[in-house]
Amino acid sequence: MKKIPVWFWQIALLIAIFVIWHLATAPGLIPPIFFDNEHRAAFFFGEPEKIFSAIWLWFTSGEIYPHLWVTLQETVLAFVIGTLLGLAVGLWLGLTPTASAILDPYVKAMNAMPRVILAPIFMVWFGLGIWSKVALGVTLVFFIVFFNVYQGVKEVSPVVLNNARMLGANASQLLRYVYLPSATSWVFSSLHTSVGMAFVGAVVGEYLGSAKGVGYLIHQAEGSFDINTVFAGILVLTVFALLLDFAVTFAENKLLKWRPQQAETETT
Amino acid sequence: MTTALSFTNVTVTFTGKSGGVGYTAVEDTTLNIADGEFVSVVGPTGCGKSTLLNIGAGLLKASSGEVNVFGEPLIGLNAKAGYMFQSESLMPWRSALDNVTAGLQFRGMEASSAREKGEQWLARVGLSGFGNRYPHELSGGMRKRCALAQMLILDPKIMLMDEPFSALDIQTRQLMENELLQLWEEDKKSVLFITHDLEEAISLSDRVIVLAAGPATHPIGEFAIDLPRPRDVAEIRMTPKFLELHAQIWHAMKEEVLKGYAQTRNKVVV
């Protein structure tokens, strides 16, 4: 018997979830178990059928594209700026022990602070456009990258470092050819998390106040108790996040090919 | 004959943690390596052999005493020396070829001519066709070859080698030793070779220096190895002359090895 591939079960599970969701919420299909009214379940949990038609309408009318585009822009900008800042500050503090000793409590304090509460301040500073969301995303991404780079610099193999010095590398060459590649590999190891955080920053920022973006769509729908549109927005965001994650995996495989893989044997 | 590398009354004391008493690794050591000479330093594990080598490389500074390179006092890193490390020293994010040409790149050589030279050196150490592999895709022996090429491409006058083959299995090790000797015979660089393996030391060297057990190690014996060259490290081990030298040096070393062993044992017990 041929083995049924994993993706088959993955898709089957997805369909099953939507079927159960539909059965449990469609008014009049099965008698209400928990709620006293057959329309209640649909009110609280939405109906897959209506959710999909909302999504369908978004994409066919083209209404969703500008919103997705804004969210994508915010995510990418937050990721890029946060990563560059984290890389620069991480390298700096990793290589200057005095500065890192002085700034240590501040770094810890800033990291411990729940940074989502900064969103209103950023809105005052940067307005309701994309930059307040980018700023929020940057504060989230920065610390992930920063800590990884800092660790990466601290953990450069002393032997590799001494070897490069004996081969004639000067201070700036050590930075460029030893510290930076070593730190970058740590950045990549946190890539999934930091892209995810940039996305969270963008969506939360939109949700808290904006005129565009998928977060804004969800917020609007919530205002009018349109639970189906809320779920539609959530589904679109989820798929969007999955696609981002695929893109990251792709980039990772391209850029980190020097890394030992977990399994290198061929399987049949 | 000119002296390539000389240590004169060198003492190395590491500062103790939080103002405690320092640890003297090397004490009052005088050692000369002539131009073109292959000198091995043997001694019990942990006696301070590597410290001595790091002093010669300029990676560590001697607490007192003098280090001279071709008559000039050593300041900063020893630019005339190449260093081959005991553990993995290749940059894992660079391919074998890029690792070999790293030193040329640091010196600002044009990329295309560096690559050409790198390919030549890869071929000389038997790695042609492996230039695109990353270190993790190479075997332990291949990584050592790569490190050897990485050092030799810069044509150093002095080679400092810190138990470079100790992590290899015995067959690969003997192959590497033979290849090292072949490369060395081509232009006779000065070599300071650190090892704890007496057989390796005898079969490679012109002179073997025995260090005392640490702390405060210093040379306690010096033996000229007048075995004919070129040598085959696997075969020379069977000759009577080799066995005679081995017995002689081992006799001098034995006590120190036992001392070193007793120390490490006590460390565990205490």
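The rules behind each value
- Residues numbered from 1 in each chain as written.
- Chains lettered and ligands numbered in written order.
- Predicted model: local features only at pLDDT ≥ 70, side-chain atom pairs only at ≥ 80, totals over all residues.
- Heavy atoms only, no water.
- Helix = DSSP H or I, 4+ residues; strand = E, 2+ residues; numbered from the N terminus.
- Rg over C-alpha atoms; globule rule 2.2 N^0.38 Å.
- Buried < 20%, exposed > 50% of the residue type's maximum accessible area, 1.4 Å probe, protein only.
- Contact = heavy atoms within 4.5 Å.
- Areas by Shrake-Rupley, 256 points an atom, 1.4 Å probe, with all protein chains shown as cover.
- Domains from an automatic or database assignment.
- Buried area = accessible area lost by both parts, 1.4 Å probe.
- Salt bridge = Lys/Arg side-chain N within 4 Å of Asp/Glu carboxyl O.
- Core = buried A, V, L, I, M, F, W, Y, C linked by side-chain atoms within 4.5 Å.
- 1 Å grid on protein atoms, 1.4 Å probe; cavity = no way out; pocket = protein on both sides within 12 Å on 5 of 7 lines; lining within 4 Å.
- Points joined across faces, edges and corners; volume = space filled by probe spheres on them.
- Nonpolar A, V, L, I, M, F, W, Y, C, P; charged D, E, K, R; others polar.

### Examining the overall build of chain A
Each helix and strand in chain A was counted, giving twelve helices and zero strands. For 268 residues, the compact-globule formula gives about 18 Å, and the C-alpha radius of gyration of chain A, at 24 Å, lies well above that figure. In terms of overall dimensions, chain A has C-alpha extents of about 80 × 65 × 35 Å along its principal axes. The buried share of chain A, reckoned over its 268 residues, is 41%. Across chain A, every contact between residues at least 6 apart in sequence was considered, and the portion connecting residues at least 24 apart equals 73%. Surface exposure of chain A reaches about 15700 Å², of which carbon and sulfur atoms provide 71%.

### With respect to the domain arrangement of chain B
Residue and element names in this part refer to chain B. Split by domain assignment, chain B resolves into domain 1 (3-80 + 158-260) and domain 2 (90-155). Computed over C-alpha atoms, the centres of domain 1 and domain 2 are 26 Å apart. Counting from both sides, the interface comprises twelve residues of domain 1 and, opposite them, eleven residues of domain 2. Both faces considered, domain 1 and domain 2 share a buried interface measuring about 1000 Å² in area, 67% of it formed by carbon and sulfur atoms. Looking at the side of domain 1 facing domain 2, the largest losses of area belong to Met176, Leu183 and Lys189, adding up to 41% of the total buried there. The interface formed by domain 1 and domain 2 includes three salt bridges.

### With respect to the nonpolar core
Within the largest apolar cluster, 89 residues are counted, with the highest numbers of intra-cluster contacts made by A:Val178, B:Met161 and B:Leu180. Among residues more than four places away in sequence, those in contact with B:Met161 are B:Leu53, B:Met84, B:Leu148, B:Met151, B:Leu180, B:Val191, B:Leu192, B:Phe193 and B:Ile194. Counting 30 residues, the second largest nonpolar core, distinct from the first, contains A:Val159, B:Val41, B:Leu53 and B:Tyr83.

### As for empty space enclosed by the protein
All names here are of chain B. In total, this model carries one cavity of 30 Å³ or more according to the counting rule given. By volume, the largest cavity is sized at about 50 Å³. Every residue lining the largest cavity is listed: Met84, Phe85, Ser87, Glu88, Ser89, Leu90, Gly140, Arg143, Lys144 and Ala147. A total of four residues in the lining of the largest cavity trace back to one element, the largest contributor, which is helix H5 (residues 140-152). Residue composition of the lining of the largest cavity, by class: four nonpolar, three polar and three charged.

### Description of the side chain of A:Ser182
Examined against the element boundaries, A:Ser182 turns out to sit in helix H9 (residues 171-189). The residues contacting A:Ser182, other than those within four sequence positions of it, are A:Gly152, A:Val156 and B:Trp93.

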